[in-house]
Amino acid sequence: MLEQIISMITPYECLSCGNEGPLLCTACQKHLPCAADAGAPKDAFAATVYEGHAEQLVHALKFERAKAAADVIAQVMNERLPDCNIDLVAYVPTASTRVRMRGYDQAAVLARRLARMRRVPFAPLLARVGQQRQVGQRRAARLRQLQEAYRPLRVGLLQHKRVMLVDDVITTGATLHAAAEVLRQAGADAVLCAAFAAAPKRP
Ligand SMILES: [Zn+2]
């Protein structure tokens, strides 16, 4: 609300060219690099690379100017996402203490916008269970623990559905994979993982 009032008084400036308007203008959005060279896993889609202006947008989404950033991020994702048949748009819930401090879940904000753009229902299908640390464990144990970190919601709704699972950033892909697997095991027919940005490949 406050953000809406502020944006009416002072419009945003493009992070890149400085023109008044969206947080990243449509011309500059086109210069966001393609994520093909980033470290995104093959079976997850990422619209761009997590660096530069994309990184600034995600920061804005989490810490200030959330609405303005969400508008741009969802627009870029929608334009770059492959055309595919989906029935529902869900999101990977962020660790709950962070959400509580912030008052909203940035992945949910993006998923809602994408659902509206794609004209399919938005559905919260995952909840976080506790807070687990994943330091210094073996890969298999880490994966199991990641899956145990999510619990499916509205299981009846997701049966035989094709779900788009949205997150803001893919780092290793492990979280997104684990969350997708929980939905598949709960009865979803297919899960398309979609993020705004993928972390750049480590040299
Ligand atoms: Zn611009």
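All values derive from a computational prediction rather than experimental measurement.

Conventions we followed
- Residues numbered from 1 in each chain as written.
- Predicted model: local features only at pLDDT ≥ 70, side-chain atom pairs only at ≥ 80, totals over all residues.
- Heavy atoms only, no water.
- Donors = N, O, S within 2.8 Å, 3.2 Å for Na, K, Ca; no water.
- Tetrahedral: all angles 85-135°; square planar, octahedral: opposite > 155°, others 65-115°.
- Buried < 20%, exposed > 50% of the residue type's maximum accessible area, 1.4 Å probe, protein only.
- Core = buried A, V, L, I, M, F, W, Y, C linked by side-chain atoms within 4.5 Å.
- Helix = DSSP H or I, 4+ residues; strand = E, 2+ residues; numbered from the N terminus.
- Contact = heavy atoms within 4.5 Å.
- Disulfide = S-S within 2.5 Å.
- Pairing = 2+ DSSP bridges.
- Axes fitted to C-alpha atoms, helices over the stretch in contact; angles between N-to-C directions.
- Polar contact = N/O pair within 3.5 Å; in protein donor to acceptor, adjacent residues only side chain to side chain.

Student: I keep staring at the coordination of the zinc ion and nothing clicks. Help me out?
Tutor: Ideal donor angles around a metal are set by the shape: a four-donor tetrahedron calls for 109.5 degrees, a six-donor octahedron for 90 or 180 degrees. Here the zinc ion is held by Cys14 (SG), Cys17 (SG), Cys25 (SG) and Cys28 (SG), and the distances to it run 2.3 to 2.4 Å. Taken together, the 4 donor atoms coordinating the zinc ion and their angles of 100 to 117° define a geometry best described as tetrahedral. Mapped onto the sequence, the donors of the zinc ion take the spacing C-x2-C-x7-C-x2-C. Since its relative accessible area comes to 38%, Cys17 is described here as partly exposed.

Student: In this structure, what is going on with the nonpolar core? I would like to understand it.
Tutor: What tends to happen in soluble globular proteins is that the nonpolar side chains get buried as a cluster. Leu23, Ile73, Met77, Val89, Val166 and Phe196 are the most contacted members of the largest nonpolar core, which has 39 residues in total. Of all the secondary-structure elements, those providing two or more residues to this core are strand S1 (44-49), helix H3 (52-63), helix H4 (66-80), strand S2 (88-91), helix H6 (106-118), strand S5 (162-170) and strand S6 (190-198). Counting residues per element, this core draws most heavily on H4, at 7 residues. Ignoring anything within four residues of it in the chain, the contact list for Val166 reads Met77, Val89, Ala90, Tyr91, Val92, Ala107, Leu110, Ala111, Leu114 and Ala194. In terms of nonpolar packing, the next biggest core, distinct from the first, is built from 26 residues, Ala44, Tyr150, Ile170 and Ala198 among them.

Student: Looking at this structure, I do not really get the state of the cysteines. What am I missing?
Tutor: Simply put, the disulfide is a covalent bond whose two ends are the sulfur atoms of two cysteines. Considering all chains together, one arrives at 0 disulfides under this definition. Cys34 takes part in no disulfide bond, and the closest cysteine sulfur to it belongs to Cys84, at a distance of 16 Å. Residue class for Cys34 comes out exposed when judged on its relative accessible area of 54%.

Student: Would you explain the sheet that holds S5 in this entry?
Tutor: To summarise the sheet geometry, strands pair through backbone hydrogen bonds and adopt either a parallel or an antiparallel arrangement. Within the open sheet, the 4 strands sit side by side as S1-S6-S5-S2. Their pairing is parallel. The sheet terminates laterally at S1 and S2, the two strands that pair on one side only. Each strand axis lies, on average, 25° off the axis of its neighbour in the sheet, ignoring direction. Alignment of S5 against S6, held across 8 bridges, turns out to be parallel.

Student: What exactly am I supposed to notice about the side chain of Gln106 here?
Tutor: Structurally, Gln106 can be placed in helix H6. Overall, the relative accessible area of 2% leaves Gln106 in the buried class. Here the side chain of Gln106 touches Asp168 through a polar contact of 2.9 Å, side chain to side chain. Non-local contacts of Gln106, meaning those with residues more than four positions away in its chain, are made with Leu61, Lys62, Thr94 and Asp168.

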